[in-house]
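These are the residues of each chain, in order.
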Amino acid sequence: MTTRYTNDEWDSIILETEGEVLYRVASKQHASAAQCPPIGSEAFTKTIDHTLLKLEAKQSQFDDLCAEARVDRFATVCVRAQYVQQCVADLKGSGVRVACVIGFHEGTYDLYHKSQETKQALAAGAAELDIVINYPQLQKKSYASIYTELAALRSQAPHPTTLKLILETSQLDASQIIAGCALAAAANFDFVKTSTGFNGAGATEENVRLMATCCDVLAAGGRARMQVKASGGIRTLGDAVRMLEAGASRLGTSAGVWIAKEAKERVAEGNGRVVEAGEVREERPGLSTRLFTDY
Ligand SMILES: O=C[C@H](O)COP(=O)(O)O
């Protein structure tokens, strides 16, 4: 675990990272070999966290969510803590994991609250935790306090639990996004994630590219390379491909079923290969398409 630093010490460490990241982005030395797995392959569907986080969701919707995740072989279902146990039972033997959000969606809950939620999620069988950073603290450069929180949650949920840090990028500028990534890496998180889907714009290619480049730079310092999860507003196969090509390796979306359906149609058309962003049709879900955000 990293030595604890003061805010000023964190500031100079982060500034050094920022210089290298912005240089690489400006000179288009983008994230390492960002590739979209072949459309229709299991590697492609395994990029999707099938997500249902609406507070008003009914219990039966979580059974549907899990059934769909089994059929489409998604990576996880991503739910709130009170639904983890039900989803773990529904998904037994399927290879689909259960991810639980922590501190959702404001991120400003204190460590005690986040820690209690973490305890509940782990006891219920969650394999992955998507934790919202306290982004108002990040905006204020309260780095030491953020690091303390992240390090405490990591020691409470050691590997093989996968930890993702939700930055809520719509509320941050590039420097703050880089700072969030640096703190996540220092606390040994596995992923940085763009958005909750509940606040401002969701994932953008620009931010995904920035985060992936930042993960490369941080890994060059010798630590395990974090991955990037793009989330918020990903609705179509085209959106998914663009995020993967920008450097994401996981997608959080309420439209997983729609995206998988579009992918199956592409395969049926004989195009079961990597789809370039420019070739993807811009179809969007129609009004009658069920997305979990629509309930
Ligand atoms: O983490 C995932 C997001 O909440 C999903 O956002 P979305 O509902 O816009 O797809």
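The name that an unreviewed UniProt entry assigns to the chain is deoxyribose-phosphate aldolase, with the source organism given as Neohortaea acidophila. Its UniProt record gives the chain a comment under Sequence similarities (unreviewed entry), which states: "Belongs to the DeoC/FbaB aldolase family. DeoC type 1 subfamily."

Summing up its helical and strand segments, the chain has 11 helices and eight strands in all. Across the 295 residues that make up the chain, the buried fraction comes to 53%. By sequence separation, contacts in the chain at least 24 residues apart represent 73% of the contacts at least 6 residues apart. When the accessible surface of the chain is summed, it comes to about 12,300 Å², and 51% of that surface belongs to carbon and sulfur atoms.

Judged by which residues are buried, strand β1 (residues 48-51) turns out to be covered on both faces: Ile48 and His50 on one side and Asp49 and Thr51 on the other are all buried. Sheet topology places β1 next to strand β8 (residues 250-253); three bridges connect them, and they run parallel. Within the sheet, the bridge partner assigned to His50 lies in β8 and is Thr253. For the segment spanning β1, helix α3 (residues 59-72) and strand β2 (residues 76-79), crossover handedness is right-handed.

We now examine the site of the ligand. Residues in contact with the ligand amount to 13 residues; listed here are only the nearest, Lys193, Thr196, Gly233, Arg235 and Ser254. In the model, an oxygen atom of the ligand is placed 2.9 Å from a nitrogen or oxygen of the Arg235 side chain. Between the ligand and Ser254, the relevant distance is 2.4 Å, taken from an oxygen atom to a side-chain nitrogen or oxygen of the residue. The protein chains hide 96% of the 310 Å² of surface that the ligand would expose on its own.

What follows covers helix α5 (residues 111-124). With 14 residues, α5 should cover 20 Å at 1.5 Å per step; its first-to-last C-alpha distance of 20 Å lies within 8% of that length. On its buried face, α5 sits against α4 (84-90), β3 (97-102), β4 (128-132) and α7 (143-156). One or two steps after α5, the chain reaches Gly125, where phi turns positive at roughly 110°.

Turning to the sheet that holds β2, a few remarks are in order. As summarised here, the arrangement of the eight strands in space is β1-β2-β3-β4-β5-β6-β7-β8, forming a closed barrel in which the pairing is parallel. Taken pair by pair, the neighbouring strands of this sheet meet at an average axis angle of 25°, ignoring direction. Examined bridge by bridge, β1 and β2 share three bridges and lie parallel to one another. Residue Asp49 lies in a different strand from β2, and its bridge partner there is Thr76. Contacting β1 and β2, α3 runs over the sheet at an angle of about 155° to β2.

We now examine the environment of Gln171. Turning to its location among the elements, Gln171 is positioned in the loop between β5 (162-166) and α8 (174-186). Among the residues examined, Gln171 registers a relative accessible area of 29% and is labelled partly exposed. Remark: the alpha-carbon pair of Gln171 and Ala89, spanning 82 residues in sequence, is separated by 36 Å. For Gln171, the side chain forms a polar contact with the side chain of Asn199, separated by 3.1 Å.

What counts, and where the lines are drawn
Residues numbered from 1 in each chain as written. Predicted model: local features only at pLDDT ≥ 70, side-chain atom pairs only at ≥ 80, totals over all residues. Heavy atoms only, no water. UniProt positions renumbered as here; feature names shortened; annotations may be inferred. Helix = DSSP H or I, 4+ residues; strand = E, 2+ residues; numbered from the N terminus. Buried < 20%, exposed > 50% of the residue type's maximum accessible area, 1.4 Å probe, protein only. Contact = heavy atoms within 4.5 Å. Areas by Shrake-Rupley, 256 points an atom, 1.4 Å probe, with all protein chains shown as cover. Pairing = 2+ DSSP bridges. Right-handed = clockwise from strand over helix to strand, strands pointing away. Near = heavy atom within 4 Å. Polar contact = N/O pair within 3.5 Å; in protein donor to acceptor, adjacent residues only side chain to side chain. Expected span 1.5 Å × (residues − 1). Axes fitted to C-alpha atoms, helices over the stretch in contact; angles between N-to-C directions.

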